[in-house]
Amino acid sequence: MLRTEVLAGLVVALALIPEAISFSIIAGVDPRIGLFASFTMAVSISFLGGRPAMISAATGAVALVIAPVMQDHGYQYLVATVILGGVIQVCLAVVGVAKLMRFIPRSVMVGFVNALAILIFEAQIDHLVDVPWLVYPMVAVGIAVIVGFPRISRVIPAPLVAIVALTGFTVLGAVNVPNVGDEGELPSSLPSLLLPDVPFNLDTLQIIAPYALAMALVGILESLLTAKLVDDITDTHSDKTREAWGQGTANIITGFFGGMGGCAMIGQTMINVKVSGARTRVSTFLAGVFLLILVVGFGDVVALIPMAALVAVMIMVSVGTFDWHSIHPATLRRMPKSETVVMVATVVVTVATHNLAIGVIVGVLVAMTLFARRVAHLTETHRDITEAANGDPTAVYRVTGELFFASSNDLYTQFDYVGDPDLVVIDLTDAHIWDASTVASLDAITTKYARKGRHVEIIGLDRASADRHARLTGQLSSH
């Protein structure tokens, strides 16, 4: 419904203003740089992105990554970093980085969502410390309006009602509380094209490349995780590859307009999709357009919006984003301990570093380690003594399970090298060789038996295992 999309875009635009200003401060740039970046990112991604209704703008994660460039080398190098970061994102999209999303487990996704909710809430604390006492009841009223108004009417988004009501109260009552205008100066003109004034040589590339790569990885990871989350909420599918190169192209465009770069914003996306009910690209496009109109055309009015109203909106976004079911005692009792450990690790690292990408990477590594440990214990070896056709005794070892580095390292110790007869058969009918570590372990077993004058036969290999074994056996040792 068009009305829903329009009103959702307006609410998101209002919520974007203080966020963009805050992220500009983190990056060490003028607030106008963050606001213009949010405009160009939102408008560009509304056409280029692969996930309708997702909001992209200047973000804290990207601001943290590129802040050292601004601090050490200045604004022109920051712009060059943003453009190069966009180019890298396009290249990563072309080589299929979006397909790696399938390797992110559900427990990491839950940890990502919960950490994000905590970070969104944590970001509001600064606006609740050392402020006039009236701010607290205003925040409480804002929360009450957001919770209660949908029971009266769903035509107008409740956050917009809260923002208008609290702004009207502060203006009509001449109440002196912190407002958007206190966060920084709003722009009075439109953004213009800019070519970064830096030397086009290898020295410049050496300076900006590490930061551009970090920005590209953080931006793509955060954007694809947010897209996956929106997919779950809306029960629809998105084009992750298109989203990846769309983010890159949007960052290139943003860089040439002098912006600080960005990626998907989960907080604003939740306002748009979950709170306001938007589902199309129209809301994303209008969020960018309204943002520009508000800060350039109605900057004086926007500056009057009390921060208490926006804090109330973001607190409710935080509450709505957090997966409360994941920490319910009944869920924790049923959930395997390894899954809970992965979720907690993701949350703790993300909150500690304030970097979603680092948290997710650590979560995936913990999940991989625990999975490998669990699968390794599923491998079993059974020994039987039988008679060969000529009547000689034969030791038959039947190995079951998946053989890879974690399980095959223990395989070497499962054999009776001293007590076995002259013929040893290793039956791998119910096993599979996955890597070179397993082939090396089998070579070591065969070699140890050979030193004791015993012969080893390996049977039951499936085609893939047989090919891998034939290709690598005898080639993995320098001796």
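Let me begin by describing the structure that accompanies this report. (Residues numbered from 1 in each chain as written. Predicted model: local features only at pLDDT ≥ 70, side-chain atom pairs only at ≥ 80, totals over all residues. Heavy atoms only, no water.)

### Side note on the overall build of the protein chain
Alright, step 1. Scanning the protein chain from N- to C-terminus turns up 19 helices and six strands.
Alright, step 2. In summary, the protein chain has a C-alpha radius of gyration of 29 Å against a globular reference of 23 Å for 479 residues, an excess of more than 25%.
Alright, step 3. For the protein chain, the spread of C-alpha atoms along the principal axes amounts to about 105 × 60 × 40 Å.
Alright, step 4. Relative to its full complement of 479 residues, the protein chain shows a buried share of 52%.
Alright, step 5. Long-range pairs, those at least 24 residues apart, make up 83% of the contacts in the protein chain between residues at least 6 apart in sequence. (Helix = DSSP H or I, 4+ residues; strand = E, 2+ residues; numbered from the N terminus. Rg over C-alpha atoms; globule rule 2.2 N^0.38 Å. Buried < 20%, exposed > 50% of the residue type's maximum accessible area, 1.4 Å probe, protein only. Contact = heavy atoms within 4.5 Å.)

### Thoughts on a nonpolar patch on the surface
Alright, step 1. Together, Leu 193, Leu 195, Phe 200 and Phe 256 give the surface a local cluster of nonpolar side chains, amounting to about 490 Å² of exposed area.
Alright, step 2. As for its position among the elements, Leu 193 is in the loop between helix H7 (158-172) and helix H8 (202-234).
Alright, step 3. On the basis of relative accessible area, Leu 193 is assigned to the exposed category, the value being 66%. (Patch = residues over 30% accessible without salt bridge, like charges linked within 9 Å, V, L, I, M, F, W, Y side chains within 5 Å. Areas by Shrake-Rupley, 256 points an atom, 1.4 Å probe, with all protein chains shown as cover. Salt bridge = Lys/Arg side-chain N within 4 Å of Asp/Glu carboxyl O.)

### Looking at the sheet that holds strand E5 (residues 423-433)
Alright, step 1. A sheet is described by the order of its strands in space; here four strands give the open sequence E3-E4-E5-E6, paired in mixed fashion. Strand pairing shows two members of the sheet lacking a second neighbour, strand E3 (380-387) and strand E6 (455-459), which therefore form its edges. The average angle at which neighbouring strand axes cross in this sheet is 20 degrees, direction not considered.
Alright, step 2. Of the strand pairs in this sheet, strand E4 (residues 393-403) and E5 are connected by nine bridges, and their pairing is parallel. Bridged to Thr 400 within E5 is Asp 430.
Alright, step 3. Strand contacts of helix H19 (residues 463-472): E5 and E6, with the helix running at about 120 degrees to E5, the strand carrying the most contacts. (Pairing = 2+ DSSP bridges. Axes fitted to C-alpha atoms, helices over the stretch in contact; angles between N-to-C directions.)

### Topic: the pattern of salt bridges
Alright, step 1. Tallied over the entire structure, the rule returns five salt bridges.
Alright, step 2. Across the pair Asp 30 and Arg 32 runs a salt bridge whose closest N-O atoms are separated by 3.0 Å.
Alright, step 3. Its relative accessible area of 30% is what places Asp 30 among the partly exposed residues.
Alright, step 4. With relative accessibility at 33%, the residue Arg 32 sits in the partly exposed group.
Alright, step 5. For Asp 231, the salt bridge identified is with Arg 51, shortest N-O distance 2.6 Å. With Asp 231 in helix H8 and Arg 51 in the loop between helix H2 (31-48) and strand E1 (56-57), the pair connects residues that are 180 residues apart, well separated along the chain. In terms of burial, Asp 231 and Arg 51 fall into one category: buried.
Alright, step 6. Put simply, Arg 51, Asp 231 and Lys 240 are held in one network by salt bridges that share partners.

### Let's talk about the packing of aromatic side chains
Alright, step 1. Applying the stated criterion across every chain yields a total of eight aromatic pairs.
Alright, step 2. For the pair Tyr 397 and Phe 415, a centre-to-centre distance of 4.4 Å together with 45 degrees between the ring planes defines the contact as tilted. Remark: Phe 415 occurs in the loop between helix H17 (405-411) and E5 and Tyr 397 occurs in strand E4; sequence separation between them is 18 residues. Across the pair, exposure class does not vary: Tyr 397 and Phe 415 are buried alike.
Alright, step 3. By way of ring pairs, the aromatic residues Tyr 397, Tyr 412, Phe 415, Tyr 417 and Tyr 449 are connected into one cluster.
Alright, step 4. A cation over an aromatic ring shows up here: Lys 448 above the ring of Tyr 417, its NZ or CZ 4.6 Å from the ring centre. (Phe/Tyr/Trp six-rings, centres within 6.5 Å; stacked < 30°, edge-to-face > 60°. Lys NZ or Arg CZ within 6 Å of the ring centre and 35° of its normal.)

### Observations regarding the environment of Ser 338
Alright, step 1. Within the secondary structure, Ser 338 sits in helix H15 (residues 337-353).
Alright, step 2. C-alpha of Ser 338 to C-alpha of Pro 18: the two residues are 320 residues apart in sequence and 39 Å apart in space.
Alright, step 3. Not counting the four nearest positions on each side in its chain, Ser 338 is found in contact with Leu 370 and Arg 374.

### Observations regarding the side chain of Thr 226
Alright, step 1. Take Thr 226: it is sitting in helix H8.
Alright, step 2. With relative accessibility at 0%, the residue Thr 226 sits in the buried group.
Alright, step 3. Residues within four places of Thr 226 in sequence aside, it is in contact with Met 54, Phe 112, Ala 264, Ile 266 and Thr 269.

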